Amino acid sequence: MNYLLFNISGLDKPGITASLSSLIDKHHLKIHDIGQSVTHGLLSLSILTQLSPTSDEDSILKDFLFETKNLGIEFDYTFVEAQNVSRNFAQEFIISCVNPTGLSSTFLKDITSFCAKKNLNLQNIDNRSSENLLTTLDLCFVCLDPLDLKDLKTSILEISKLHSVDLSIVENNVFRFNKRLIIFDMDSTLIQTEVIEELAMLAGSGDEVKAITSAAMEGKLDFTESLIKRVKTLKGLEKSELTNLLDKIPLTEGVEDFIKIVKSLGFKVGVISGGFTFFTDHFKKKLSLDYAFANKLQFDQDDKLTGNLEGQIVDASQKAMLLELISQQESISLEQVVAIGDGANDLEMLATAGMGIAFHAKEIVRKNANHQMSHGPMTSILSFLGIPESYSKSLK
């Protein structure tokens, strides 16, 4: 029994860890493991030390008892056998949980019970809320057995729906909080509407186009074919009508704050859309985006739509390719890219990015994307990126 585990608890204050580590140094103990957390001002500190053949156990314990009494904290200790001190370096995952109106005890019961049934060992719970209301929680767990992420994500999705809590599962690695590029889809993601449906209303083909758009976004129709068919119904619209529409398009809740915050931290931000450059260029300027790609509508000499497109159509594969090109241009690893979209034509882009988020998305996207935000505003995604609420509020 040449290992000694110290357990310290009590009211937190500066100097506790410094005092105890000084004692460890005084007795020449080797620190094998250490962990500390503070919950509502109460400290919990554990230190596993290795004794040397010359260690005076009575003297060590006497010094610790005396020091902790002076500090006004509780002290306990346990001798540990060598075979029981190996650390677990199994794969770690983080379940990030977000609900701006508060996480309930029922939700916590369900999510932790779920982890237990899946034989996931909960290592750490990190409350990342900035105020008294519990809104953001990170659950760190390890999995000793091979983990089926797809099956895990399906189960997590059901808990998310039941409690209206947005959940994200990410591997706890170097890339977790090291994102540098955000790419948005435009329609029903960056903005609240489908632009082509708004144009169709002006052209008198609203019902027809809305039905085609819905089927395409759910993956029931080929995107390119459906886009060409919809654009043809817009023939004759004047450029002035498109211009008048620009300022009537509502941005998604929280998107302006979200972009302001990530750009203040040095992120690059862009939009890759199956919509139209006439509108993405407008939002690029309005929101100070770094990149904007979309389809180009063709106008005739009288500034009326011809019903055709110019150049390469931005479909699902093109979206993924453009995302890769931007990351290469910026010398950013794909693991450091976040893509946010809602439709079936976003799936390849979401899969290419290190973090692909289905935002208030169609069912097919929610089932296939690795992360989802189905309940909160755009700013809720900040928690998935490790950006605390306190920083967000400091910029407002």
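All values derive from a computational prediction rather than experimental measurement.

1. What to know about the packing of aromatic side chains
Alright, step 1. This structure, assessed with the given rule, holds 9 aromatic pairs.
Alright, step 2. The interplanar angle of 10° and the centroid separation of 4.0 Å between the aromatic rings of F6 and F64 together place this pair among those described as stacked. Of this pair, F6 sits in strand β1 (residues 3-11) while F64 sits in helix α2 (residues 57-71), and the two are 58 residues apart along the sequence. In this pair, the class of F6 matches that of F64, namely buried.

2. Quick word on the pairing of strand β3 (residues 42-50)
Alright, step 1. For β1 and β3, the ladder comprises 9 bridges, and the chain directions are antiparallel. Its bridge partner lying in β3, N7 is registered against S46.
Alright, step 2. Relative to β3, strand β2 (residues 30-39) runs antiparallel, the two being bridged by 9 bridges. Considered in β3, the bridge of Q36 is made with L45.
Alright, step 3. From the end of β2 to the start of β3, which pair antiparallel, there are 2 residues, and H40 there has a positive phi angle of about 50°.

3. Points about the side chain of D315
Alright, step 1. Inspection of the secondary structure assignment puts D315 in the loop between β12 (305-310) and α12 (316-329).
Alright, step 2. Within the structure, the side chain of D315 is placed 3.1 Å from the side chain of S317, a separation counted as a polar contact.

4. Structural notes on the sheet that holds strand β4 (residues 74-80)
In sheet architecture, strand pairing relies on hydrogen bonds along the backbone and comes in two forms, parallel and antiparallel.
Alright, step 1. Ordered by their spatial adjacency, 4 strands build an open sheet running β2-β3-β1-β4, and the pairing between neighbours is antiparallel. Both outer strands of the open sheet, β2 and β4, are each paired with one neighbouring strand and no more. When the angles between neighbouring strand axes are averaged without regard to direction, this sheet yields 10°.
Alright, step 2. The sheet contacts of α2 involve β1 and β4, and relative to β4 the element is tilted by about 160°.

5. Topic: the state of the cysteines
Alright, step 1. A complete count under the given rule lists 0 disulfides for this structure.
Alright, step 2. Free cysteine: C143, not disulfide-bonded; nearest cysteine sulfur from C115 at 10 Å.
Alright, step 3. In this structure C143 comes out as buried when scored by relative accessible area, which is 8%.

6. A few points about the packing of helix α9 (residues 239-246) against helix α11 (residues 277-287)
Alright, step 1. It is the contact of α9 with α11, at a shortest axis distance of 11 Å, that shows an interaxial angle of 35°. Considering the relative orientation of α9 and α11, their crossing is right-handed. Along the contact surface, α9 presents K239, L242, T243, L245 and L246, while α11 presents F278, F279 and H282.
Alright, step 2. Within the contact of α9 with α11, the residues separate by chemical class into 5 nonpolar, 2 polar and 1 charged.

7. So, the nonpolar core
Alright, step 1. With 56 residues, the main nonpolar core has I182, F184, F258, F276, F279 and I340 as its most contacted residues.
Alright, step 2. Considering each element in turn, this core owes the most residues, 5 residues, to helix α10 (residues 255-264).
Alright, step 3. Leave out the neighbours within four places in its chain, and I340 touches I182, I183, F184, D185, T189, F258, M349, L350, I357, F359, M378 and I381.
Alright, step 4. Listed in part, the 19 residues of the second largest apolar core include F93, C97, C115 and V165.

8. A closer look at helix α3 (residues 105-117)
Alright, step 1. Here α3 spans 18 Å end to end across 13 residues, near enough to the 18 Å set by a 1.5 Å rise per residue.
Alright, step 2. Of the positions making up α3, those classed as buried are F107, I111, F114 and C115. Projected down its long axis, α3 shows its buried positions confined to an angular sector of 100°, all on one face. Set apart from the buried face of α3 by more than 90 degrees, the exposed residues are S105, A116 and K117.
Alright, step 3. Count one or two residues on from α3 and you reach N119, which has phi positive near 60°.

Reading the values: rules and limits
Sequence order as written defines residue numbering, which begins from 1 separately in each chain. Local features in this predicted model are restricted to residues of pLDDT 70 or higher, and side-chain atom pairs are both shown and tallied only at a pLDDT of 80 or more, whereas totals for entire chains, interfaces and linings draw on every residue. The side-chain figures draw on all heavy atoms in the structure; neither hydrogens nor water molecules are used. Centres within 6.5 Å are what make two rings of Phe, Tyr or Trp a pair, Trp counting through its six-membered ring; a difference in plane orientation under 30 degrees is then read as stacked, over 60 as edge-to-face, and the rest as tilted. Strands are runs of DSSP state E lasting at least two residues, helices are runs of H or I lasting at least four, and both sets are numbered from the N terminus onward. Burial status follows relative accessibility: with a 1.4 Å probe on protein chains alone, a residue under 20% of its type maximum counts as buried, one over 50% as exposed, and anything between as partly exposed. Paired strands are those between which DSSP finds at least two bridges. In the analysis that follows, any N or O atom pair within 3.5 Å is treated as a polar contact, provided that within protein one partner can donate a hydrogen and the other can accept it, and provided that, for residues neighboring in sequence, both atoms belong to side chains. Working convention: axes come from line fits to C-alpha atoms, limited for helices to the stretch in contact. Angles between N-to-C directions cover 0 to 180 degrees. A contact between two residues is defined here by any heavy atoms of the two lying within 4.5 Å. The definition used for a disulfide is geometric: two cysteine sulfur atoms within 2.5 Å. Should the near helix be turned anticlockwise from the far one by less than a right angle, the crossing is termed left-handed; should it be turned clockwise, right-handed. Three classes are used: nonpolar for Ala, Val, Leu, Ile, Met, Phe, Trp, Tyr, Cys and Pro, charged for Asp, Glu, Lys and Arg, and polar for all others, with Gly counted as polar. By nonpolar core is meant a set of buried Ala, Val, Leu, Ile, Met, Phe, Trp, Tyr and Cys residues that side-chain atoms within 4.5 Å join together. By this rule, a helix spans an expected 1.5 Å times one less than how many residues it contains. An arc is given here, and it is the one of the directions from the helix axis to the C-beta atoms.

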